[in-house]
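Each chain, letter by letter, is given below.
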Number of protein chains: 2
Amino acid sequence: MTESARQTRVSDAYARLREDIRSNRLPPGFQAPEPEIAMRLGMSRTPVREALIRLEADGLVELVPRRGARVLPIRADDMREIYDILTSLEPDAAAAVAARNPTPEQLAPVEVAMADMEHALAAEDLDRWADADDRFHLSLLDLHGNRRLRGFIHALYDQAHRARIVTLRMRGTPVRSTEEHRQILAHLRAGDAEATRRVFRAHRRRASAELLNILEKYKLGQL
Amino acid sequence: MTESARQTRVSDAYARLREDIRSNRLPPGFQAPEPEIAMRLGMSRTPVREALIRLEADGLVELVPRRGARVLPIRADDMREIYDILTSLEPDAAAAVAARNPTPEQLAPVEVAMADMEHALAAEDLDRWADADDRFHLSLLDLHGNRRLRGFIHALYDQAHRARIVTLRMRGTPVRSTEEHRQILAHLRAGDAEATRRVFRAHRRRASAELLNILEKYKLGQL
DNA sequence: AAATAATTTAATGTATACATTAAGGGGATT
DNA sequence: AATCCCCTTAATGTATACATTAAATTATTT
């Protein structure tokens, strides 16, 4: 659904349902038949069905015959899957960016996200920090330019969003993550592909182990 | 669309269109409005629309407003994107499998694919070889067990299928690829994660460079 | 011949009708 | 209390009607 595409009921339904899922207004496990969802959104079943098919493709819901759409929970296993994939993909993508010796202009969105991250940390504003964290990672993907990679990782971020938001305050202030991002950015500026890859990968491993430990410690079997 | 799901017009439309695209019966760039596609498949527009949404999510078509569905070509750039992703994901997945010290039973599907590859090579049957090659890679993913990874890579294989089939006979007999698969399997049997990763990654790099060179040499800008 | 305007055609997006069938509920039986 | 049977309800899958609008075609003007 491109920004330039004209607004349709399908795109409206898609955006609203996606945002309700991401914000836990439609919590994991929530299930409703199509007529009910259509009524909630004030439209007929047809655009709702189409939106649900797209959300299913994004891994946010499953369509259960005769029971409607169910918001998929994110279990510890799911987060492990997602982090395994990100740990393979993101460091290689970042290393490829570093290998190109990106200009300061090209790195600007990453720099802005880094600066926002630092400010949010200083202000102890975890929500702003999380947003800046997302932008750091995703702007690197934009810079990298592989569209399939970008699409897939966006979908994984959507799926992981709730688990990350819910556990954010359980993880302590993200001093270490911020420092690791700083190191990654320093290596990017230096055009050092191997160092970028190494530090990024270590960051992903540490951060994902931390979150998975929390999910297991607090018995958050699913979110 | 699970195997166990009952057959619907949607699933029928999806399977038929997907197979027509993969086999070039609907070639890249082919474009038709929904009513025409519905007529071809002998059903109404509704199930066709749903099937097309799923095919769009799979990256095989794009839905063009007022112009119907267009079969996406695979350009050299696309193949490069796909191979970059596979070169990051597959070696790590295979290394993770090796690290578990898989039993001979667990490795059986990979062994069968390997044996089929050898036989196909001896018989100079490139189509059978390509099929066995697919099964080698995909059965490793099944063994690995990461569902998101598996789903994504299946979609990439679907997208890459035509380019690989069309260029198969231009690449010469895949003696080298077969040897590399043998080495990968030997390291898997030995439970050597690092060697599995290294050889797999080298294999991916060489094989993708070869195919991309052919796409550029023969000016096959798109397929 | 080319450009522009007007008209016609047809695709899409959406709503809804309808047949099928699965789920849910209630009553009877064990 | 548990299970089974029957009936009712309602969800889904699909077809099609319909309004809107974009593309295509035709007519007119330059």
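Residues numbered from 1 in each chain as written. Chains lettered and ligands numbered in written order. Predicted model: local features only at pLDDT ≥ 70, side-chain atom pairs only at ≥ 80, totals over all residues. Heavy atoms only, no water.

Colleague: With reference to specific residues and values, describe the overall build of chain A.
Modeller: Helix and strand counts for chain A come out as nine helices and three strands. Mapped in sequence order, the helices and strands of chain A form the string α-β-α-α-β-β-α-α-α-α-α-α. Its C-alpha atoms give chain A a radius of gyration of 19 Å, within 12% of the compact-globule value 17 Å for 223 residues. With the C-alpha coordinates aligned to their principal axes, the bounding extent of chain A is approximately 55 × 45 × 30 Å. Burial analysis of chain A (223 residues in total) assigns 51% to the buried set. (Helix = DSSP H or I, 4+ residues; strand = E, 2+ residues; numbered from the N terminus. Rg over C-alpha atoms; globule rule 2.2 N^0.38 Å. Buried < 20%, exposed > 50% of the residue type's maximum accessible area, 1.4 Å probe, protein only.)

Colleague: I'd like a rundown of the interface of chain B and chain A, residues and numbers included.
Modeller: The interface of chain B with chain A comprises 26 residues on the first partner and 26 residues on the second. Both sides together, the interface formed by chain B and chain A hides about 2200 Å², and carbon and sulfur atoms give 44% of it. Linking chain B with chain A are 14 salt bridges, by the criterion used here. Salt-bridge contacts for A:Arg54 lead to B:Glu56; the nearest nitrogen and oxygen are separated by 3.1 Å. Across the chain B-chain A interface, the total number found is 20 residue pairs in polar contact (both at pLDDT 80 or more). Sorting the residues of the side of chain B that touches chain A by element identifies helix H3 (45–57), helix H4 (76–99), helix H7 (147–168) and helix H9 (193–217) of chain B as the ones contributing at least two each. Residue contributions to the side of chain B that touches chain A peak at eight residues, all from H4(B). (Contact = heavy atoms within 4.5 Å. Buried area = accessible area lost by both parts, 1.4 Å probe. Salt bridge = Lys/Arg side-chain N within 4 Å of Asp/Glu carboxyl O. Polar contact = N/O pair within 3.5 Å; in protein donor to acceptor, adjacent residues only side chain to side chain.)

Colleague: Explain unusual backbone geometry residue by residue, including any values.
Modeller: Residues and elements named next belong to chain B. Even without being glycine, Asn24 reaches a positive phi, approximately 70°. Of note, Asn24 is situated in the loop between helix H1 (9–22) and strand E1 (31–32). Overall, Asn24 belongs to the partly exposed group, its relative accessible area being 34%. Positive phi, normally seen in glycine, also occurs at Glu124, with a value near 55°. Within the element layout of this structure, Glu124 appears in the loop between helix H5 (104–122) and helix H6 (126–144). Classification of Glu124 as exposed rests on a relative accessible area of 66%.

Colleague: Any details on the sheet that holds strand E2 (residues 61–64) of chain B? Residues and values, ideally.
Modeller: Residues and elements named next belong to chain B. Strand order in the open sheet formed by three strands is E1-E3-E2, with antiparallel pairing between adjacent strands. Looking at which strands have only one partner, the edges of the open sheet turn out to be E1 and E2. With four bridges connecting them, E2 and strand E3 (residues 68–71) associate as antiparallel partners. Paired with Glu62 across the bridge in E3 is Arg70. (Pairing = 2+ DSSP bridges.)

Colleague: Just give me the short version of a nonpolar patch on the surface, but keep the residues and values in it.
Modeller: Together, A:Val166, A:Met170 and A:Tyr218 line one region of the surface with nonpolar side chains, adding up to about 230 Å² of accessible area. Checked against the element boundaries, A:Tyr218 lands in the segment after helix H9 (193–217). (Patch = residues over 30% accessible without salt bridge, like charges linked within 9 Å, V, L, I, M, F, W, Y side chains within 5 Å. Areas by Shrake-Rupley, 256 points an atom, 1.4 Å probe, with all protein chains shown as cover.)

Colleague: If you had to explain the protein's contact with DNA strand C to someone new, which residues and values would you point to?
Modeller: Residues in close proximity to DNA strand C total 18 residues, the closest being A:Arg9, A:Ser44, A:Arg66, B:Arg49 and B:Arg66. Backbone atoms, meaning sugar and phosphate, make up 62% of the atoms of DNA strand C lying within 4 Å of the protein. One of the side-chain nitrogen or oxygen atoms of A:Arg67 is found 3.2 Å away from a phosphate oxygen of DNA strand C. B:Gly68 is positioned with one of its backbone polar atoms (N or O) 2.8 Å from a phosphate oxygen of DNA strand C. Looking at the surface near DNA strand C, the elements with two or more residues in it are helix H1 (9–22) and helix H3 (45–57) of chain A together with helix H2 (34–41) and H3 of chain B. Looking at side-chain class alone, the surface near DNA strand C contains five nonpolar, four polar and nine charged residues. (Near = heavy atom within 4 Å. Nonpolar A, V, L, I, M, F, W, Y, C, P; charged D, E, K, R; others polar.)

Colleague: I'd like a description of the sheet that holds strand E3 (residues 68–71) of chain A, backed by residues and values.
Modeller: All names here are of chain A. Ordered by their spatial adjacency, three strands build an open sheet running E1-E3-E2, and the pairing between neighbours is antiparallel. Looking at the sheet topology across the chains shown, the edges are occupied by strand E1 (31–32) and strand E2 (61–64). Its contacts with the sheet place H3 against E2 and E3, and it is angled at close to 125° to E2. (Axes fitted to C-alpha atoms, helices over the stretch in contact; angles between N-to-C directions.)

Colleague: I'd like to hear about the domain arrangement of chain A, residue by residue, with values.
Modeller: Residues and elements named next belong to chain A. Segmentation of chain A into domains returns domain 1 (9–71) and domain 2 (76–217). Computed from C-alpha coordinates alone, the two centres of domain 1 and domain 2 are separated by 29 Å. With nine residues of domain 1 at the contact, the number on the domain 2 side is six residues. The largest per-residue losses of area from domain 1 upon contact with domain 2 belong to Arg22, Asp58 and Leu60, which jointly make up 63% of the total buried on that side. Between domain 1 and domain 2 we count two salt bridges in total. For Asp158, the salt bridge is made with Arg22, and the minimal N-O distance between the two is 2.7 Å. Where domain 1 touches domain 2, the interface holds three residue pairs in polar contact (both at pLDDT 80 or more). Residue contributions to the side of domain 1 that touches domain 2 peak at three residues, all from H1. Classifying every residue of the side of domain 1 that touches domain 2 gives four nonpolar, two polar and three charged. (Domains from an automatic or database assignment.)

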